[in-house]
Amino acid sequence: MARDIQLKERWDYLVEKLSEKFSDGDPLELDAIIYLVGVQELGQYHRKYKKDDKLDLMHIAICRLLEPYGFYEFSFFDEDGWPHYNVLEELPSLKAGEQTVLMKEAIVSYFLEKEFIK
């Protein structure tokens with residue numbers, strides 16, 4: 001229970017901090033934060049992205065976020081600088097709420113590792 005409370009507190013703080021920096025006042029949603037992680041991992045900040053690129057950025061983010069859980073492993077950067085990952089283990093079937101908790105946990109861990117939050 002304490003772990004759930006700590007995750008909620010960290011998540012709320014992270015959303016607030018990211019929203020201040022990247023939003024016009026509305027709290028960022030989970031998908032927007034995943035997109036931001038993808039941009040961070042690609043490192044090409046000042047580009048305009050097409051719709052397909054945005055989906056690819058979210059895929060990069062999900063791979064990177066779930067890498068510490070043993071689902072993906074970084075493989076290589078292609079000639080355009082995009083990271084590629086290998087699937088190590090298929091994701092288990094999770095209910096929507098369980099998926100959300102897993103992603104929030106992974107995102108909080110990512111931003112703790114990057115020292116964006118404490």
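For the structure itself, consult the block above.
Residues numbered from 1 in each chain as written. Predicted model: local features only at pLDDT ≥ 70, side-chain atom pairs only at ≥ 80, totals over all residues. Heavy atoms only, no water.

### Here we look at unusual backbone geometry
Formally: Numbering of helices and strands starts at the N terminus; helices are DSSP runs of H or I of at least 4 residues and strands are runs of E of at least 2. The buried label goes to any residue with under 20% of its type's maximum accessible area, the exposed label to any with over 50%, and the partly exposed label to all in between, with areas taken from a 1.4 Å probe on protein chains only.
You will see that Glu115, though not glycine, has its phi angle at about 60°, which is positive. Here Glu115 shows up in the segment after α4 (96-113). Taking relative accessible area as the criterion, Glu115 reaches 69% and is therefore assigned exposed.

### What to know about the packing of helix α1 (residues 2-22) against helix α2 (residues 30-42)
Keep this limit in mind: Note on geometry: axes are C-alpha line fits, over the in-contact stretch for helices, and angles between N-to-C directions span 0 to 180 degrees. Roughly parallel means an angle under 35 degrees; roughly antiparallel means over 145; roughly perpendicular covers 65 to 115; every other angle is labelled oblique. Each crossing gets its hand from how the near helix is turned against the far one by less than a right angle, where anticlockwise is left-handed and clockwise is right-handed. Only heavy atoms matter for contacts: two residues are in contact if any of them lie within 4.5 Å across the pair. Classification used: nonpolar for Ala, Val, Leu, Ile, Met, Phe, Trp, Tyr, Cys and Pro, charged for Asp, Glu, Lys and Arg, polar for all others including Gly.
Where α1 meets α2, the closest approach of the two axes is 11 Å, and the angle between their N-to-C directions is 70°. Looking at the two axes, α1 sits roughly perpendicular to α2. For the element pair α1 and α2, the recorded crossing hand is left-handed. The residues of α2 that touch α1, namely those facing Trp11, Val15, Leu18 and Phe22, are Leu30, Ile33 and Leu36. Class assignment for the residues of the contact of α1 with α2 results in 7 nonpolar, no polar and no charged.

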